[in-house]
Structures are given as C-alpha cells and as structure tokens.
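A structural walkthrough
The chain contents come next:
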Amino acid sequence: MIVNPDEISKVIKQQIESYSSQLDFSEAGTVIQVGDGIARVYGLKSAMSGELLEFSNGTYGMAMNLDEESIGVVIMGSDAGIKEGDPVKLTGRMTEVPVGDGMLGRVVNALGEPIDNKGPIAADGYRKIESPAPSVITRREVNQPLQTGIKAIDSLVPIGKGQRELIIGDRETGKTAICIDTIINQKDKDVYCVYVAIGQKASTVARIIRVLEDTGAMEYTTIVLSTASDSAPMQYIAPYAGCSIAEEWMHRGKDVLIIYDDLSKHAVAYRAISLLLHRPPGREAYPGDVFYLHSRLLERAACMSKEYGGGTLTALPIVETQEGDISAYIPTNIISITDGQIYLEADLFNNGVRPAINPGLSVSRVGGSAQIPAMKELAGPLRIEFAQYKELAAFSQFGSDLNQDTIDRLEHGERIMEVLKQAQYKTMAVEDQVLILYALSNRHMVDIDIRKIKNFEKDFIRYVNKYAGHIKEEIRESGKISNKLAADIDATIAEVKKQHDYS
C-alpha cells in the first residue's frame, strides 16, 4: 500500500478548517410524572410558556404551567413511550404550523401534518399558532358582504367580510350544514376557506370532505382535523393552528373564511387540560381564563385596512347548546365576543323548516352595511313582516274571528316562511335571491298556492336566465333595482305566471 503524503495533508487541512470548538448545549430536564396526556418535568428553568419541548422518544410537548419546582407539559400525541426519569430538552421554538398555498386542498392534523395520504406539503413557511390580534389602527370598517348563498342569512342576518358571526343551536339542527353551504358558495369568488373540526367524529368529517370534493370546493379549502379520538391537547391547539393558516392568506391581502366546529368541544378539551394541570376550577369547572381562550382566537378575525394589505378573515364559530339554553356559560361568553349570532331552533327544524333559523333571536351587528343596496331595501321590511307574522300566529291560535287584514298578514307570513326554506347544498346567487325576494315583497306570490312556491321560484329563475339575462346583469353590476328594472321584473313575473298554473 502506497501512502501519498500530499493526500493525507490535504485531508488533515480540511478537517482543521471544518473543526468547530462550539459546544452543542441544550438545557435538559427530567420527567417526574406522566399520565392522561400531561407530563410534569423537573428543571428547564428557562422554558417559556407555549414553548415546544422534546421528549427522549421524539414526541413533542408544549409547556403550559410554569411552577416554581416543575413545569406542566401537555403532550402532543400519545404519552405511551414516555416514562418517569426520561430526559426532556428545550427546542427554543414555539408551536407552529406550515402555511401557504400548498395547504389548499389538504387535510391536516392540529400540528399541520398531512393526514390525507397525498404526500408532504410544500409549505411557504411557518407561523406560530398563537399570535396577537391585529390592532385597531390596522383595521377598517366591515362593509363588503360575504355571500352564504342561503336566503334566510343573506337577507335577514347578513355576514360581512371580516365579521365574526356565531352559529348556535342544539345538536342536529343544521349548524355544520350552514357552514358547508357557505364554503360551497365561495366557488369562483376568490375566497379561501379553512374548516377546523374539533372533537368531531371521523365519519362525519369524512362525509364533509366527500361533499366538498364532489362540489369542487376542496380546491380552495383546507381542513384542520382533530377528531374525538385525539388527545385533549391536540383538540385544544386545532383552532389556533387553523387560524394561523388562514392569517397567512389574510396578511397577503386575500379574503379568507374560517369555521370552528365547534368551540363547545374546544372549551371542554381546555377544561380537561386545566384540571389535569391542577389549575383552580371556576364556574361549571371551567378555568378562570376560559373567556380569554376564545376571545384571543376570535379577535384574530379582522378586516384589514388598505395600507396593511386589505385582506379579510371572517370567522364562523359554532357553539352547541343544551335544550336551547343560550344563556349557559360558554354560549354567553362567545355571544359577547362575536358580532352577532345565527340561532337555529330545534322546533323549527323538526317542523321541516330548513335552515331552522329563528330570525327573532338571530342578529347581525354589521347588518345592512354588509348587503348590496337591492338586498338591503328588500330585507328591511321583510324582517318586520316576519316578526309581525310570528306575533299574529301566536295570538291567532286563541281566536277564530280574524279580520281580513290579519288573515292577509298571516298568509303573507306563511309565504315568507316557505320562501326562506332552502335545501342543503343548493346555494343561490345573490341576484337570484334578490329576484325571489322582490316577487315576495311586492305581493306577486299572494295568488300562488303555498305548495307551489318552490316550483314558481325555479320557473322564474329559469325564465330570467333564458330570456331576460339583462335583469340579473344589471343587479350584479349596479346592486340596485331601478324603476325601469322593477317594471321589467314585474312583466317577467306576469309572463311566468301566464305560462304555468300555480293555483
């Protein structure tokens, strides 16, 4: 074997150049107790609240309780491979998720890891799951409508881009259905959507994903999933992770819609974590900071001013009530944080009114400023007439001797109820809604049999699409109904009635 001195000296020089005397130093602690997804760690004096910690088996945890003697850590995943005496080290990183356009069309867990078998995500970067809400100075007034495609909402409780509108009601009253319809209606409207499922059944979410794929809505939607079988810490961080994914697009100037389904289960997960961390319980065993839990999440929804990109983040949190009790602890907390609520009533749902929206208890604090002028003009009287109908319907049960005016109001109210009914996944463009509500408000439906109103709606829209496209075009462009346009609509309605028998 021939030894080449030049080669040996070259290798030695390379080793000397690449040698570093810097030590890889990381502070380590020790697990002193573990169980129920919570670990108590001794040491780690410089740990920060919310910082990621790494256990010896590669599992991550998040520091939540910083006590004098130990740290309370929630474990992200299973605690099966962690035991007393195991070392724990600081990472120096806060909990963060991947963000960017690579998230569109993907299903991820609460840490942003893909769970849809479509390979790794090409992320543009990472964002911390906890970030401060935009300040008052960076925001502007909410005045652009976010169309849901649902007549009862777009007319009576309109949602604006950048608003936080609570959807509240008992279980199985159609809360999620409204949100899925809203996502479907954003097709071709340049609105990105994020759906956060917290503590839902995996089968329910699988059905939602299939609907979104069938309607082409998954192209602009990201689903953040933390199922009922996931640990409480994963359910706890899911909405914050979803919000960070949505915020990235908002700060790029995009319009984003985020749905939290639902925050009742989120509060329950946080209560479980807090009790296991031995935090003092308060009302209904929730910890004292349960209000802050949701306020810091929902305040991140905003309508940014033009100088700061002009993006919007609209939040639709869902809350489940028990026996229609909207005065319970969590519902009242979230009602006070949001800009209005859509209340779904079990009795209406069971009577075949879908969506089962109670206009009396539903309110939008943004209101008409988030409606096109034509819709605003029609919706104002509609709400009053509907309220009068409800009142008269309650009184008319006790007396049979009703005057003609009362009978007319009751019949008109029944037609309002019928018009506001809408099948699931059958969203309607705002121009079509304006035309239907115009026909209703101007008493063109008085002589139509209530059972044939749906037929009239279909025939009317079909006729306008085929023979009078200029009507919808003018509404779309101007947002108003001029006197000339009103005459055209009246003539069109008369023509449709002439062609079909609705008596």
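Residues numbered from 1 in each chain as written. Predicted model: local features only at pLDDT ≥ 70, side-chain atom pairs only at ≥ 80, totals over all residues. Heavy atoms only, no water.

**Some details on the overall build of the protein**
Applicable threshold: Helix numbering and strand numbering both begin at the N terminus, where a helix is a DSSP run of H or I of at least 4 residues and a strand a DSSP run of E of at least 2. Each residue is assigned to one of three classes by its accessible area relative to the maximum for its type, calculated with a 1.4 Å probe on protein chains only: buried under 20%, partly exposed between the two thresholds, exposed over 50%. The contact definition used throughout considers only heavy atoms, calling two residues in contact when any of these lie within 4.5 Å. Shrake-Rupley sampling with a 1.4 Å probe provides the accessible areas, and residues are treated as covered by the protein chains on show and by no other component. Under the counting rule used here, the positive set is Lys and Arg, the negative set is Asp and Glu, and His together with the chain ends is not counted. The atoms used to mark charge sites are NZ of Lys, CZ of Arg, CG of Asp and CD of Glu.
Along the backbone of the protein there are 15 helices and 16 strands. The C-alpha extent of the protein, read off along each of the three principal axes, is 105 × 60 × 45 Å. Counting every position in the protein, which comprises 503 residues, the buried fraction comes to 52%. Taking the intrachain contacts of the protein between residues at least 6 apart in sequence as the baseline, contacts between residues at least 24 apart amount to 74%. In the form shown here, the protein has an accessible surface area of approximately 23600 Å², with 51% of it arising from carbon and sulfur atoms. Across the protein, the 54 positively charged side chains and the 69 negatively charged ones have centroids separated by 3 Å.

**Here we look at empty space enclosed by the protein**
Basically, it comes down to this: Method remark: on a 1 Å grid restricted to protein atoms, a set of points is classed as a cavity if a 1.4 Å probe fits but cannot get out and as a pocket if it is open with protein on both sides within 12 Å along at least five of seven lines; lining residues have an atom within 4 Å of a point. Grid points are joined across faces, edges and corners, and a volume is the space filled by probe spheres set on the points.
Applying the stated criterion across every chain, the model contains two cavities of 30 Å³ or more. Put simply, the largest cavity is a space of about 80 Å³. Along the walls of the largest cavity sit Ala152, Leu156, Leu348, Val353, Pro355, Ile357, Pro359, Phe386, Met417 and Leu420, which together make up its complete lining. Mapped by element, the contributors of at least two residues to the lining of the largest cavity are α2 (151-156) and α11 (404-420).

**What about the packing of helix α12 (residues 430-441) against helix α15 (residues 483-499)?**
For clarity, the cut-off: Interaxial angles span 0 to 180 degrees and are taken between N-to-C directions of axes, which are lines fitted to C-alpha atoms, for helices over the stretch in contact. Roughly parallel means an angle under 35 degrees; roughly antiparallel means over 145; roughly perpendicular covers 65 to 115; every other angle is labelled oblique. The classification used treats Ala, Val, Leu, Ile, Met, Phe, Trp, Tyr, Cys and Pro as nonpolar, Asp, Glu, Lys and Arg as charged, and all other residues, Gly among them, as polar.
Two elements in contact, α12 and α15, have axes whose closest approach is 11 Å; the angle formed by their N-to-C orientations is 80°. For the element pair α12 / α15, the angle class is roughly perpendicular. Between α12, through Leu435, Tyr438 and Ala439, and α15, the contact on the second element is made entirely by Ala486, Ile489, Asp490 and Ile493. In terms of residue class, the contact of α12 with α15 is made up of six nonpolar, no polar and one charged.

**Overview of unusual backbone geometry**
Following Asp261, the chain continues into Asp262 via a peptide bond in cis, with omega recorded as -5°. Relative to the helices and strands, Asp262 is located in the loop between β13 (255-261) and α6 (263-276). A cis amide bond links Arg354 with the next residue in sequence, Pro355, at an omega value of -5°. Among the secondary structure elements, Pro355 is positioned in the loop between α9 (346-350) and β16 (363-364). At Tyr425, a position not held by glycine, the phi torsion is positive, near 65°. Tracing the chain through its elements places Tyr425 in the loop between α11 and α12.

**Thoughts on the confidence of the model for the protein**
This is how the line gets drawn: Confidence of the prediction at every residue is given by pLDDT, a number between 0 and 100.
Summarising the model, the protein shows a mean pLDDT of 92, and 97% of its residues fall at 70 or more. Within the protein, no element has a lower average pLDDT than helix α1 (residues 5-18), which sits at 76, and none a higher one than strand β14 (residues 312-320), at 98.

**Some thoughts on a nonpolar patch on the surface**
Using the following cut-off: Residues with no salt bridge and a relative accessible area higher than 30% make up the patches, which join like charges within 9 Å and nonpolar side chains (Val, Leu, Ile, Met, Phe, Trp, Tyr) within 5 Å. When a carboxyl oxygen of Asp or Glu lies within 4 Å of a side-chain nitrogen of Lys or Arg, that pair is called a salt bridge.
Where nonpolar side chains cluster on the molecular surface, the patch consists of Ile8, Ile12 and Ile16 and spans about 290 Å² of accessible area. Tracing the sequence through the fold places Ile8 in helix α1.

**Thoughts on the sheet that holds strand β6 (residues 87-94)**
Hydrogen bonds between backbone atoms are what pair the strands of a sheet, whose relative direction is either parallel or antiparallel. What counts is decided by this rule: At least two bridges found by DSSP between two strands is the condition for calling them paired.
One closed barrel accounts for six strands, arranged β1-β2-β5-β4-β3-β6; its pairing is antiparallel. The sheet shows a mean angle of 45° between the axes of neighbouring strands, taken without regard to direction. By the bridge criterion, four bridges tie strand β3 (residues 51-55) to β6 in an arrangement that is antiparallel. Opposite Glu54, over in β6, you have Lys89 as the bridge partner.

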